[in-house]
Amino acid sequence: MRLVFLGPPGAGKGTQVKMLSKALGVPSMATGDVLRMEVASGSELGREAKSYMDKGELVPDDIVIKIVEKWLRSINIAKGFILDGYPRNVRQARELDEILRQMNVELTAAIYLDVPENEIVRRLSGRLTCRKCGAVYHIEFNPPKEDRKCDVCGSELYQREDDKEDVVRQRFRVYTESTKPVLDYYKDKGKLLVIDGLGSIEEVNKRILKRLQELSSSSK
Ligand code: ADP
Ligand code: ADP
Ligand code: ZN
């Protein structure tokens, strides 16, 4: 399975991608996680990316396309992959198709997690992220075992700077203007899978797995 995950900020992409990656045994990569690691390391790329991320703007295409291409060329592409948070605009979607074409493979599906705005606000306002490994929690819906500590690596959990209200609003604007057109891009290619993202984390996960099973049995 070669998949990309689409959906507004806070829809649950990261949560589901990490679960699915384990369940399917395929590697996954979140461009946002990679960019945050670059920012934390203080690299030149990180410093440039930070100026956009702090404002809730997209980091320039050339930077993220390079990150994705490098990663895709580092894995065994025949075994599959999942991308989280990429593509974020139509140019990125086209570039991905071109990279995959060069590697003689095709995308299996684009999964769109459909979640209404009021629920998004609830999810983002309580999101906690691990500083070290990027694991994601929610104060109410998915709390860590120990207060403000990551279950996976024990590091400190924090509220992302861009999860504060004014930046969230800007990220929504960017989503509506730049990322929503990507849904039509995949719809036109017959690759869009729309998944209802409401319900518990487990329920949504089962829904995705079921759709993917249907997909692989219909393509046999
Ligand atoms: P969320 O899923 O909550 O929207 P991400 O962690 O995916 O957040 O992204 C955080 C920020 O990183 C974005 O607001 C943007 O600045 C940058 N970013 C992540 N992925 C991309 C991408 N594919 N293209 C451009 N910028 C990106
Ligand atoms: P995205 O990667 O799309 O920005 P995340 O996976 O980081 O979204 O999820 C955003 C927040 O919502 C996190 O705090 C996460 O724990 C929580 N969350 C994810 N899925 C659900 C769900 N089905 N129900 C309630 N909260 C959820
Ligand atoms: Zn951690």
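Remember, predicted model here, so these are calculated numbers, not experimental data.

**Describing the site of ligand 2**
Part 1: Among the 17 residues in the neighbourhood of ligand 2, the closest are listed as Gly10, Lys13, Thr15, Arg127 and Tyr137.
Part 2: Backbone polar atom of Gly14 to an oxygen atom of ligand 2: 2.8 Å apart, as the coordinates give it.
Part 3: When ligand 2 is considered free in solution it has 560 Å² of accessible area, and contact with the protein chains removes 94% of it.
Part 4: At the level of elements, α1 (13-24) and β6 (136-138) are the ones that each hand at least two residues to the shell around ligand 2.

**Notes on the environment of Glu69**
Part 1: In this structure, Glu69 sits in helix α4 (residues 61-74).
Part 2: Residue classification places Glu69 among the partly exposed positions, given a relative accessible area of 25%.
Part 3: If near-sequence neighbours (up to four positions away) are discounted, Glu69 is found in contact with Ile99 and Gln102.

**Overview of the site of ligand 1**
Part 1: As a structural note, the neighbourhood of ligand 1 is formed by 20 residues, with Thr31, Arg36, Glu57, Arg127 and Arg171 the closest of them.
Part 2: Contact distances for ligand 1 include 2.8 Å between an oxygen atom and a side-chain N or O atom of Arg127.
Part 3: Within the side chain of Arg171, a nitrogen or oxygen atom sits 2.6 Å from an oxygen atom of ligand 1.
Part 4: Summarising the interface, the protein chains cover 95% of the accessible area of ligand 1, which totals 550 Å² for the free molecule.
Part 5: At four residues, helix α2 (residues 31-41) tops the list of elements feeding residues into the shell around ligand 1.
Part 6: Within the shell around ligand 1, the residues separate by chemical class into seven nonpolar, five polar and eight charged.

Rules behind the numbers
- Residue positions within a chain follow its written sequence, with the count starting from 1.
- All chains are assigned letters beginning with A, and all ligands numbers beginning with 1, in the order in which they are written.
- The predicted origin of the model limits local features to residues at a pLDDT of at least 70 and limits the giving and counting of side-chain atom pairs to 80 or more, whereas totals for whole chains, interfaces and linings rest on all residues.
- For the side-chain quantities, the full set of heavy atoms in the structure was used; hydrogens and water were omitted.
- The near set for a molecule or strand comprises every residue that places at least one heavy atom within 4 Å of it.
- We call two N or O atoms a polar contact when they sit within 3.5 Å, provided that within protein one can donate a hydrogen and the other can accept it, with sequence-adjacent residues counted only if both atoms are side-chain atoms.
- Each accessible area value is a Shrake-Rupley result obtained with a 1.4 Å probe; residue values ignore everything except the protein chains displayed when judging cover.
- Labels follow the DSSP assignment, with helices taken as runs of H or I lasting at least four residues and strands as runs of E lasting at least two, numbered in each case from the N terminus.
- We call a residue buried when its accessible area falls under 20% of the maximum for its residue type, exposed when it is over 50%, and partly exposed in between, using a 1.4 Å probe and counting protein chains only.
- Residues are treated as being in contact if the distance between any of their heavy atoms lies within 4.5 Å.
- Three residue categories are used. Nonpolar comprises Ala, Val, Leu, Ile, Met, Phe, Trp, Tyr, Cys and Pro, charged comprises Asp, Glu, Lys and Arg, and polar comprises the others, including Gly.

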